[in-house]
Amino acid sequence: QVQLVESGGGLVQAGGSLRLSCAASRSIFGDNAMGWYRQAPGKQRELVATIRNGGSTNYADAVKGRFTISRDNAKNTVYLQMNILKPEDTAVYYCHLRLSILYAYWGQGTQVTVSS
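Residues numbered from 1 in each chain as written. Predicted model: local features only at pLDDT ≥ 70, side-chain atom pairs only at ≥ 80, totals over all residues. Heavy atoms only, no water.

(A) Focus on the sheet that holds strand S7 (residues 67-72). The four strands are arranged S1-S3-S8-S7 in an open sheet whose pairing can be described as antiparallel. Taken across any chain shown, the strands that pair with only one partner, and hence form the sheet edges, are strand S1 (4-7) and S7. Adjacent strand axes in the sheet meet at a mean angle of 15° when their direction is disregarded. Inspection of the sheet shows strand S3 (residues 18-24) paired to strand S8 (residues 77-82) by six bridges, in the antiparallel sense. Note on S8: the bridge partner recorded for Cys22 is Val78. (Pairing = 2+ DSSP bridges. Helix = DSSP H or I, 4+ residues; strand = E, 2+ residues; numbered from the N terminus. Axes fitted to C-alpha atoms, helices over the stretch in contact; angles between N-to-C directions.)

(B) Broad picture of the nonpolar core. If you look at the biggest cluster of nonpolar residues, it comprises 29 residues, and the most contacted ones within it are Leu4, Trp36, Leu80, Met82 and Tyr93. Taken together, the elements giving at least two residues each to this core come down to S3, strand S4 (33-39), strand S5 (46-52), S7, S8, strand S9 (91-98) and strand S11 (110-115). If sequence neighbours within four positions are ignored, Met82 has contacts with Gly16, Ser17, Leu18, Leu20, Arg66, Phe67, Tyr93 and Val112. (Core = buried A, V, L, I, M, F, W, Y, C linked by side-chain atoms within 4.5 Å. Buried < 20%, exposed > 50% of the residue type's maximum accessible area, 1.4 Å probe, protein only. Contact = heavy atoms within 4.5 Å.)

(C) Quick peek at the pairing of S1. A one-sided burial pattern is seen for S1, the buried positions being Leu4 and Glu6 and the unburied ones Val5 and Ser7. As paired elements, S1 and S3 share four bridges and run antiparallel to each other. Bridging from a neighbouring strand, Glu6 pairs with Cys22 of S3.

(D) Local environment of a nonpolar patch on the surface. Among the surface-exposed residues, Ile101, Leu102 and Tyr103 lie close enough to one another that they form a single nonpolar patch of about 420 Å² accessible area. Within the fold, Ile101 resides in the loop between S9 and strand S10 (104-106). (Patch = residues over 30% accessible without salt bridge, like charges linked within 9 Å, V, L, I, M, F, W, Y side chains within 5 Å. Areas by Shrake-Rupley, 256 points an atom, 1.4 Å probe, with all protein chains shown as cover. Salt bridge = Lys/Arg side-chain N within 4 Å of Asp/Glu carboxyl O.)

(E) Broad picture of the state of the cysteines. On inspection of all chains with the given rule, the structure shows one disulfide. The disulfide bridge from Cys22 ends at Cys95, spanning 2.0 Å between sulfur atoms. Its S-S torsion of approximately -85° makes the covalent link between Cys22 and Cys95 left-handed. With Cys22 in strand S3 and Cys95 in strand S9, this residue pair connects regions lying 73 residues apart in the sequence. (Disulfide = S-S within 2.5 Å.)

(F) Structural view of the pairing of S9. Within S9, six of the eight residues are buried, leaving the element largely enclosed by the surrounding structure. Looking at chain direction, S4 and S9 are connected through seven bridges and run antiparallel. Bridge assignment links Arg38 to a residue of S9, and that residue is Tyr93. Bridging between S9 and S11 involves three bridges; their strand directions are antiparallel. Of the residues in S11, the one forming a bridge with Ala91 is Val112. Judged from the three bridges that link them, S9 and S10 form a sheet pairing that is antiparallel.

Distances and angles like these do not, on their own, reveal function.
In structure tokens form, the structure reads like this:
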């Protein structure tokens, strides 16, 4: 089992920045991917960004050029730097870890609210 603990959400004005962090409860070995998803009220959960243990990244079109995902493998932590935030970025952001096709874990979620 792996627990994922997120931090860094909050309220920010449009155009501002926030940095989310997600720490895994134990060391992660082997091929894996960490990432962030978000869910706005009344909408389905959607991919924001992912990063593999080797460093390759993937972003949703809506956040390209504004958000940056990174990870510190020594700290078992993934980060999401969010810049030029828009009201439509308002959502609960969830950390995700995929170890294999069978094993995946979710964090509890952190609220991000962007005011106009």
